Amino acid sequence: MNLATIAWKNVRQRGLASSLTAISVALGVMLMVMVLVIYGILQNTFNQRSINYDLIVGPKGSPLQLVLSTVYHISPPIENLPYRFYEDIKKDPRVTVAIPIAMGDVTEKGNFPIVGTIPEFFKIEYAPRREFRVKGTEFHQPFDAYIGSRVAIENNWDVGTKLKLRHGGAAGDHVHDEEFTVVGILQATGTPHDKTVYVHLEGFYQIQGHDKPLNEAIKREREFYGEPPLSEEEMAAEIKNIQAKYGSHDHAHGHEGHDHAHHDHGHQTAPIQKEVTSILVQCKTPIAARLLAGELKKGSKAQGVNPILPMQELMTTIVGPIQQLLLVMTAMIVLVSGIGIFVSIYNSMTARRREIAIMRALGAQRSTVFTIILAESIILCLGGGLLGLLLGHGLVFAAAPIIEVRAGVIVNPLAFESAELVLFPVLLLMAILIGILPGMTAYQTDVAESLSS
Amino acid sequence: MSLELRNVTKTYREPGGGRLPVLNIANFTLAAGEQVVLVGSSGGGKTTLLNIIAGITTPDEGQVRIDGTDLSQLPEAARDRFRAERLGYVFQTFNLLPAFTALENVLLGMSFSGKRPDRARAIQLLDQVGLKHRLYHKPSQMSVGEQQRTSVARALVNTPRLLLADEPTANVDAANQQNILDLLRSSCKEHNVSLLLVTHAAEVAGQFDRVEKLADFNKPVRVAGA
């Protein structure tokens, strides 16, 4: 029999005490694993894996809100930008890709966020070296929609399903008459895309109320660009000019008694009536992205945000310290459990003096009995740690659907954090420290005296 | 294996600070393969003597030579190794480890000798002592006679050259007493192992050719002023 087997037999002999102390370590490790895994999930969610753009261009305001609303759909948009501004950004020689994003509505069923965008969005890798994979057909008609994998599962939707949009914001209970048709289902990405419904931007604008009244649109655009307001005559002339070019259909007016779901939406919305909530931008070089962001910062109406930076700041300033606090607390729990193991082993030493003396009488050296006691401590600490690891991951696995529903964060139930690998060397060190004093007691046992007692 | 004790003394510290003399043996020898019984009164130093021969306790003075090696001059680790490899010890209270089965208790004797545990030999020995049906029983599941027979198997497992037995029949019933005694004597004879058996039972001592009374050669002397 090797020493580990002897130690294991001794641990089993004190079954109840051993189990309780190992379970106390397991609970501490379980909590620690959960903190590490959940923090890791947050980090993965809010880092480069979720986005493959150099800049998010949006209205002035909180950079964090701009990223949270555009990428994660867990914050309301700041405001809107004129479509002309999107076209300006697209024309910028430093820009290689510019994707307009329009948001604000949710699905009638399931309240999944609606994002209006252009077909090119799906041609761009959603994260470095990760392409969208779609089950379905091309996304090109105004009332086409792609749905994320989770949307498909949770709403039991498939290609061909018709869906309606519920208006966001103050009029949250208003359901638009227009119907979009699911033409594709995005394969799971493990990102917010999975819980999003993408509709064609053109169709998005054709929804009642999504295109601005012409006079308001002209006024807002001029304000945005810092141009002087138009007189009434100039405004009327401008409206007439636009209507002549794009037709007079104005969704914002005169829809009472109008069956919107069935009228012909084949008309074109005037660009001035369109607005975007943000623009996803890829630049030729990182320096170009920084220069563009710097220029936008100087202006008063828009901002260009590196999508990583606000999230890193959030993780560093808020989530990180909370995680550290939780880790310290769970480390304290593990430490207290370790003290429990120490007390258990140390208290057993008095009762085990005779057993140790027997082993010594059979020829075991002092260092051998010391090693056996140390091995018992290691078995309890590492055994408890292993149990805690399994429990921690088991709980994350079980809690994943609840976290997704409550926090909107997609959780990989099999997530593993490399920091967990540090747990076992630390537990081993703790086991050695715990085992030293009882081990020394065994080491110093007087064989003759203990055998005669 | 031959055993030779020369001028061995041992004292214990008394609570009052004085020294209690326990052993003072000028000369004691045991030839290879010889079987000797040692009788003496309770508290007369029999167990201390066995512990000194086993290297568990060191004498204050004197030499304990086993096959020419002076055990008292060896460092503790070397004495432990010597004990594990070349001595067998049967205790009055069996001293089996409660967490281990009969087979594991026997294998334990091998584990500390540095030898590769020989499971077949352990089973063979347990078979020889009539415990083949008790291999996987823990001490608490065995009778006292079975426990003592297990301890005999454990003492013999490393093929020792000297077997020390401290009142091996004291805690077993009359029927088992003779069994244990026969087992010890036949096993030692079969393997040419020297046997030094301590007892205070006259019926046990009467079966040996050589019976030594400890009091005849142990003359502890209280040192004046000590």
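Rules and cut-offs
Residues numbered from 1 in each chain as written. Chains lettered and ligands numbered in written order. Predicted model: local features only at pLDDT ≥ 70, side-chain atom pairs only at ≥ 80, totals over all residues. Helix = DSSP H or I, 4+ residues; strand = E, 2+ residues; numbered from the N terminus. Rg over C-alpha atoms; globule rule 2.2 N^0.38 Å. Buried ≥ 20, exposed ≤ 12 C-beta atoms within 10 Å, placed from the backbone. Contact = placed C-beta atoms within 7 Å. Pairing = 2+ DSSP bridges. Axes fitted to C-alpha atoms, helices over the stretch in contact; angles between N-to-C directions. Domains from an automatic or database assignment. Nonpolar A, V, L, I, M, F, W, Y, C, P; charged D, E, K, R; others polar. Parallel < 35°, antiparallel > 145°, perpendicular 65-115°, else oblique. Left-handed = near helix turned anticlockwise from the far one by under 90°. pLDDT = per-residue confidence, 0-100. Core = buried A, V, L, I, M, F, W, Y, C linked by C-beta atoms within 7 Å. Expected span 1.5 Å × (residues − 1).

**Describing the overall build of chain B**
Step number 1: Assigned secondary structure in chain B consists of eight helices and nine strands.
Step number 2: Over its C-alpha trace chain B gives a radius of gyration of 18 Å, about what one expects of a compact globule, namely 17 Å for 226 residues.
Step number 3: Along the three orthogonal principal directions, the C-alpha set of chain B runs to about 60 × 35 × 35 Å.
Step number 4: Looking at chain B residue by residue over its 226 residues, the buried ones come to 47%.

**Some words on the environment of Met235 of chain A**
Residues and elements named next belong to chain A.
Step number 1: Structurally, Met235 is set in helix H8 (residues 232-246).
Step number 2: When the C-alpha positions of Met235 and Leu16 are compared, they lie 86 Å apart, and in sequence the two are 219 residues distant.
Step number 3: Discounting residues that sit within four places of it in the chain, Met235 has contacts with Asn215, Ile218 and Leu230.

**A look at the sheet that holds strand E6 (residues 87-90) of chain B**
All names here are of chain B.
Step number 1: The five strands lie next to each other as E6-E7-E8-E3-E9, forming an open sheet whose pairing is parallel. One side of each edge strand has no neighbouring strand; the edge strands of this open sheet are E6 and strand E9 (210-213). If you compare each strand with its neighbour and ignore which way they point, the axes differ by 20 degrees on average.
Step number 2: In the sheet, strand E3 (residues 35-39) pairs with E9 via four bridges, with the strands oriented parallel. By the bridge assignment for E9, Val36 is matched with Arg210.

**Observations regarding the domain arrangement of chain A**
Step number 1: Annotation of chain A at the domain level lists domain 1 (3-46 + 312-452) and domain 2 (52-306).
Step number 2: With centres defined by C-alpha atoms, the gap from domain 1 of chain A to domain 2 of chain A works out at 52 Å.

**Overview of unusual backbone geometry**
Residue and element names in this part refer to chain B.
Step number 1: Phi is positive for Phe94, close to 65 degrees, though the residue is something other than glycine.
Step number 2: Looking at the secondary structure, you find Phe94 in the loop between E6 and helix H3 (102-111).
Step number 3: According to the C-beta neighbour criterion, Phe94 is buried, with 22 such atoms within 10 Å.
Step number 4: Positive phi outside glycine occurs at Glu167, with the angle close to 45 degrees.
Step number 5: Mapped onto the fold, Glu167 is located in the loop between strand E7 (162-166) and helix H6 (174-190).
Step number 6: Residue classification places Glu167 among the buried residues on the basis of 20 C-beta atoms within 10 Å.

**Concerning the environment of Lys123 of chain A**
Residue and element names in this part refer to chain A.
Step number 1: Within the element layout of this structure, Lys123 appears in the loop between strand E4 (113-117) and strand E5 (134-136).
Step number 2: According to the C-beta neighbour criterion, Lys123 is exposed, with 11 such atoms within 10 Å.
Step number 3: As for Lys123 and Gly203, which are separated by 80 residues in sequence, their C-alpha atoms are 19 Å apart.

**Here's the deal with the interface of chain A and chain B**
Step number 1: Every contact between the two is made by 17 residues of chain A and, on the other side, 23 residues of chain B.
Step number 2: Counting residues per element, the ones that place at least two in the side of chain A that touches chain B are helix H1 (3-13), helix H10 (308-361) and helix H13 (447-452) of chain A.
Step number 3: For the side of chain A that touches chain B, the class distribution of residues is eight nonpolar, six polar and three charged.

**Let's talk about the packing of H3 of chain B against helix H4 (residues 119-128) of chain B**
Residue and element names in this part refer to chain B.
Step number 1: It is at 9 Å that the axes of H3 and H4 come closest, and there the two elements cross at 120 degrees. Relative to H4, the element H3 lies oblique. Judged by the sense of rotation from one axis to the other, the crossing of H3 with H4 is right-handed. Residue-level inspection shows Ala102, Leu103, Val106 and Leu107 of H3 in contact with H4, the latter providing Arg119, Ala122, Ile123, Leu125 and Leu126.
Step number 2: Taken together, the residues of the contact of H3 with H4 sort by class into eight nonpolar, no polar and one charged.

**Some details on the pairing of E4 of chain A**
All names here are of chain A.
Step number 1: By the criterion of burial, E4 is predominantly enclosed, with five of the five residues buried.
Step number 2: Neither face of E4 is exposed, since Pro113, Val115 and Thr117 on one face and Ile114 and Gly116 on the opposite face are all buried.
Step number 3: Counted between consecutive antiparallel strands, the loop separating strand E3 (residues 95-107) from E4 contains five residues, among which Gly110 sits at a positive phi close to 90 degrees.
Step number 4: Sheet topology note: the E4/strand E9 (residues 197-200) ladder contains four bridges and is parallel. When the sheet's bridge partners are listed, Gly116 is paired in E9 with Val199.

**Examining the sheet that holds strand E5 (residues 69-70) of chain B**
Sheets are built from strands paired through backbone hydrogen bonds, the pairs being either parallel or antiparallel.
All names here are of chain B.
Step number 1: Judged by pairing direction, the sheet is antiparallel, and its four strands sit side by side in the order E2-E1-E4-E5 without closing on themselves. The open sheet terminates on both sides in strands that have one partner only, identified here as strand E2 (19-30) and E5.
Step number 2: Both strand E4 (residues 61-66) and E5 contribute to a ladder of two bridges, which runs antiparallel. Bridging across to E5, Arg65 finds its partner in Asp70.
Step number 3: With respect to the sheet, helix H1 (residues 46-54) is in contact with strand E1 (3-13), E2 and E4, its orientation differing from that of E1 by roughly 120 degrees.

**Remarks on the confidence of the model for chain A**
Step number 1: Taken over all residues, the pLDDT of chain A has a mean of 85, while the share at 70 or more is 92%.
Step number 2: Counted against residues more than four places away or in other chains, residues 252-265 of chain A, with its pLDDT under 50, gives 16 contacts.

**Looking at the nonpolar core**
Step number 1: Counting residues in each nonpolar core, the largest one holds 111 residues, and the members touching the most others are Cys381 of chain A together with Val106, Leu126, Val152, Leu163 and Leu164 of chain B.
Step number 2: For this core, the element with the most residues is helix H2 (residues 15-45) of chain A, which contributes 15 residues.
Step number 3: Residue contacts for Val152 of chain B: discarding those within four places in its chain leaves Val90, Val129, Ile180, Leu183 and Leu184 of chain B.
Step number 4: Tyr53, Met103, Tyr198 and Ile207 of chain A belong to the second-largest nonpolar core, a separate cluster that totals 60 residues.

**Considering H8 of chain A**
Residues and elements named next belong to chain A.
Step number 1: Look at H8: 21 Å from first C-alpha to last across 15 residues, which is about the 21 Å you get at 1.5 Å a residue.
Step number 2: Taking burial as the measure, the 15 residues of H8 include one buried ones, a minor fraction of the element.
Step number 3: Gly247 sits one or two residues past H8 and shows a positive phi near 95 degrees.

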